[in-house]
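# Breakdown of the fold
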Amino acid sequence: MEKGHVTLVITGMTCGHCVAAVKKALAAVPGVETVEVTLSPPRAVVACDPSRTTAEMLTKATAEEGYPSSATAG
């Protein structure tokens, strides 16, 4: 299995609670292996199984938690 990486730019995070909420939401997506979320810059880097996880699934998970995001290259 080849690991994929998705970088998300996240809107609306202002504190450590936001970071924790986003990390928890992303970690719950099937196929996600590791999640690194930073407040500055407001982004997440997700290592995942690309056969099980899509960028759309990840952006949906953050949006449902109240933090809209978009996938970027890199």
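First, a word on what this report is: a plain description of the structure on this page. Only a predicted model underlies this, so the values are computations on that prediction, with no experimental measurement involved.

Attention now goes to the packing of helix α1 (residues 16-27) against helix α2 (residues 55-64). In the contact formed by α1 and α2, the axes pass within 9 Å of each other and the chain directions differ by 140°. Taken together, the axes of α1 and α2 are oblique relative to one another. In this structure, the crossing between α1 and α2 has a hand that is right-handed. In this structure, α1 contributes V22, A25 and L26 to the contact, and α2 contributes L58, A61 and T62.

The strand order β2-β3-β1-β4 describes an open sheet built from four strands, whose pairing is antiparallel. Sheet topology places β2 (32-38) and β4 (69-72) at the edges, where each strand pairs with a single neighbour. Recorded for the sheet is a direction-independent mean angle of 25° between the axes of neighbouring strands. Judged from the four bridges that link them, strand β1 (residues 4-10) and β4 form a sheet pairing that is antiparallel. Bridged to T7 within β4 is T72. Lying on the sheet, α1 is in contact with β1, β2 and β3 (43-48); it crosses β2 at an angle near 165°. Strands in contact with α2 are β1, β2, β3 and β4; relative to β4, the strand with the most contacts, it is inclined by about 150°.

With respect to the helices, strands and loops of the structure, T53 is situated in the loop between β3 and α2. In this structure T53 comes out as buried when scored by relative accessible area, which is 6%. Engagement of the side chain of T53 in a polar contact is seen with the backbone oxygen of P30, the distance being 2.6 Å. The contacts of T53, once residues within four sequence positions are left out, are V29, P30, G31, V32, C48 and L58.

Rules used throughout
Residues numbered from 1 in each chain as written. Predicted model: local features only at pLDDT ≥ 70, side-chain atom pairs only at ≥ 80, totals over all residues. Heavy atoms only, no water. Axes fitted to C-alpha atoms, helices over the stretch in contact; angles between N-to-C directions. Helix = DSSP H or I, 4+ residues; strand = E, 2+ residues; numbered from the N terminus. Parallel < 35°, antiparallel > 145°, perpendicular 65-115°, else oblique. Left-handed = near helix turned anticlockwise from the far one by under 90°. Contact = heavy atoms within 4.5 Å. Pairing = 2+ DSSP bridges. Buried < 20%, exposed > 50% of the residue type's maximum accessible area, 1.4 Å probe, protein only. Polar contact = N/O pair within 3.5 Å; in protein donor to acceptor, adjacent residues only side chain to side chain.

Geometric values such as these leave the question of function open.
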